[in-house]
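# Working through the structure, step by step
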Amino acid sequence: MIPKRALAVPLAALLLIAGCGLSDEPTAASPGGTGTIKVGGVSSLSGAVTFPDSSAAAKAVFDRVNEQGGVNGQKIEYVSADDKGDPAAAAQAARDVVTNQGVVALVGSASLLDCAVNAPFYQQSKIVSIQGTGVDPTCFESPAISPVNTGPYLNMAINLYYASEVLKRDKVCMFLAILGNTNDAYGGAVKSWTALTGKKLTLDDRTVKPDSDPTPFVLRARREGCQAVLYNGTEPMAIAWMKVVKQQDVKGIDWLMTTAPYTEAVAKALGPDGDGTYANAEFEPFTEADSPALKDWRTLMTAKNVPLTSFGQGGYLAATYFVDTLKTIKGPITREAVTAAFKALKPVQTPLTGTPYEFGEAPKHFSNRAGKIVQLKDGAWHVVTPEWVRYPGTLD
């Protein structure tokens, strides 16, 4: 899942800030059992890149729990910090909620920067982060963090697999906008797909920018004879891309997007011009109004005025997993107790995802390994794979 606008952050800067955190001496969380259970989150709530829906959905879950009496009589206090899309602010936000606020865990975070900047600090602090929207590659490579979503890299691998093995396209092409330090992770997805299928991309173009004119890229796809094209553009980028496809009357190509353009806004903006466009839903497709799996999520989000989006699904799931795990803890709910509970957590199956959620002692976490493919027709998204498309390969 890629944010709406690009924010290029030098990897060296991220590593420098992350390294500084290793000298900090984290304090233990306040003992549970009385008062409130403090829970934190670090998300991009302002600045060039924003992810407000995930933390808003997590808060909705916690508010409902509190309205029902809390967890063993204890209310949940949710402290959602804003990293402002800035590495220094992300480091400061994490240290505030973890060290100063003494939260027992991080839940529902959604940021392009949080994982890359703060993962070493979280591990040193012996705290777990149940990420609502994992974006940066580090989110999926830390023993302290386990995102509930598929993420853009496994998402891309699923799309590649669907294009070559399900749609049976021989000439698969890819156009990527590389944000921050994501290039190697996307490269890993391609290598995994090649190892799994024995196939190679006909075209691998990673020069797209958020403000690029899509015309030369779309025309190149036609010139190279691409039968399927994978594109990781954000909402506005995907809209501009598909409008060029229509204007240039390009036919005979399947256009596959990641999760970011799977929104009602994109469907409305494109209308019939987007007919045939595919996207990969990381969770049970939220546009399926009659899906029993979505009933509780849809009811709660509507009641709490949280937008119905994939980001919101991630925050809801992260908070739900967290609350259910809290209920298994015997004795005071402290950071140590919560961390131990998640390290001992057995896989959790839910109809909202195609594979169980996991935490445990693993050095990295890629538990959401499936998606459902949706397609635009007459200005609305429709599910084309009622069964989950599970990626059988691995990402290194």
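The structure we're discussing is the one just above.
Heads up: these notes are all about the structure in this document.

So, how was this worked out
Residues numbered from 1 in each chain as written. Predicted model: local features only at pLDDT ≥ 70, side-chain atom pairs only at ≥ 80, totals over all residues. Heavy atoms only, no water. Core = buried A, V, L, I, M, F, W, Y, C linked by side-chain atoms within 4.5 Å. Buried < 20%, exposed > 50% of the residue type's maximum accessible area, 1.4 Å probe, protein only. Helix = DSSP H or I, 4+ residues; strand = E, 2+ residues; numbered from the N terminus. Contact = heavy atoms within 4.5 Å. Pairing = 2+ DSSP bridges. Right-handed = clockwise from strand over helix to strand, strands pointing away. Axes fitted to C-alpha atoms, helices over the stretch in contact; angles between N-to-C directions. Parallel < 35°, antiparallel > 145°, perpendicular 65-115°, else oblique. Left-handed = near helix turned anticlockwise from the far one by under 90°. Nonpolar A, V, L, I, M, F, W, Y, C, P; charged D, E, K, R; others polar. Disulfide = S-S within 2.5 Å.

## A look at the nonpolar core
- With 73 residues, the main nonpolar core has Phe62, Ile130, Trp241, Trp255, Phe322 and Val338 as its most contacted residues.
- When residues in this core are grouped by element, the largest group, 8 residues, is from helix H11 (residues 310–326).
- When residues no more than four places from it in sequence are discounted, the contact partners of Trp255 are Val218, Ala221, Val229, Trp241, Met242, Val245, Val250, Gly276, Thr277 and Tyr278.
- Within the second largest apolar cluster, 45 residues are counted, among which are Ala144, Ala157, Tyr162 and Tyr391.

## Quick look at the pairing of strand S9 (residues 228–231)
- In S9, alternate side chains face the same way, and those of Ala228 and Leu230 on one face and Val229 and Tyr231 on the other are all buried.
- Pairing geometry for strand S7 (residues 172–177) and S9, over 4 bridges, is parallel. What sits directly across from Met174, in S9, is Leu230.
- Pairing of S9 with strand S10 (residues 254–257) involves 4 bridges; the strand directions are parallel. Paired with Leu230 across the bridge in S10 is Leu256.
- The parallel pair S9 and S10, bridged by helix H8 (residues 235–247), forms a crossover whose chirality is right-handed.

## What to know about the side chain of Thr385
- By secondary structure assignment, the location of Thr385 is in the loop between strand S13 (380–383) and strand S14 (389–390).
- Apart from the residues lying within four places of it in its own chain, the contact partners of Thr385 are Tyr162, Lys372 and Ile373.

## Overview of the environment of Lys75
- Within the secondary structure, Lys75 is located in strand S2 (residues 75–82).
- Through-space distance from the C-alpha of Lys75 to that of Gly35 is 7.1 Å; in sequence the pair is 40 residues apart.
- Contacts of Lys75, omitting those with residues within four sequence positions, involve Gly35, Thr36, Ile37, Asn66, Gly69 and Gly70.

## Points about the packing of helix H7 (residues 215–223) against H8
- Running from amino to carboxyl end, H7 crosses H8 at an angle of 55°, the nearest separation of the two axes being 9 Å. It follows that H7 is oblique to H8 by the angle criterion. For the crossing formed where H7 meets H8, the hand is right-handed. For the pair H7 and H8, contact is made by Thr215, Phe217 and Val218 and by Trp241, Val244 and Val245, respectively.
- The residue makeup of the contact of H7 with H8, split by class, is 5 nonpolar, 1 polar and no charged.

## Considerations on the state of the cysteines
- A full pass over the atoms with the stated rule returns 2 disulfides.
- The disulfide that involves Cys115 links it to Cys139, with 2.0 Å between the sulfurs. Across the disulfide from Cys115 to Cys139, rotation about the S-S bond amounts to roughly 95°, and the bridge is consequently right-handed. You can see Cys115 sitting in helix H4 (residues 114–124) and its partner Cys139 sitting in the loop between strand S6 (133–134) and helix H5 (152–166), a full 24 residues away along the chain.
- Assessed through its relative accessible area of 0%, Cys115 is described here as buried.
- Overall, Cys139 belongs to the buried group, its relative accessible area being 0%.
- A disulfide bridge connects Cys173 with Cys226, and the sulfur atoms are separated by 2.1 Å. In this structure the cystine formed by Cys173 and Cys226 twists about its S-S bond by roughly -95°; its chirality is therefore left-handed. Here the residue Cys173 occupies a position in strand S7, and Cys226 occupies one in the loop between H7 and S9, the gap between them amounting to 53 residues. Like Cys226, Cys173 is buried.

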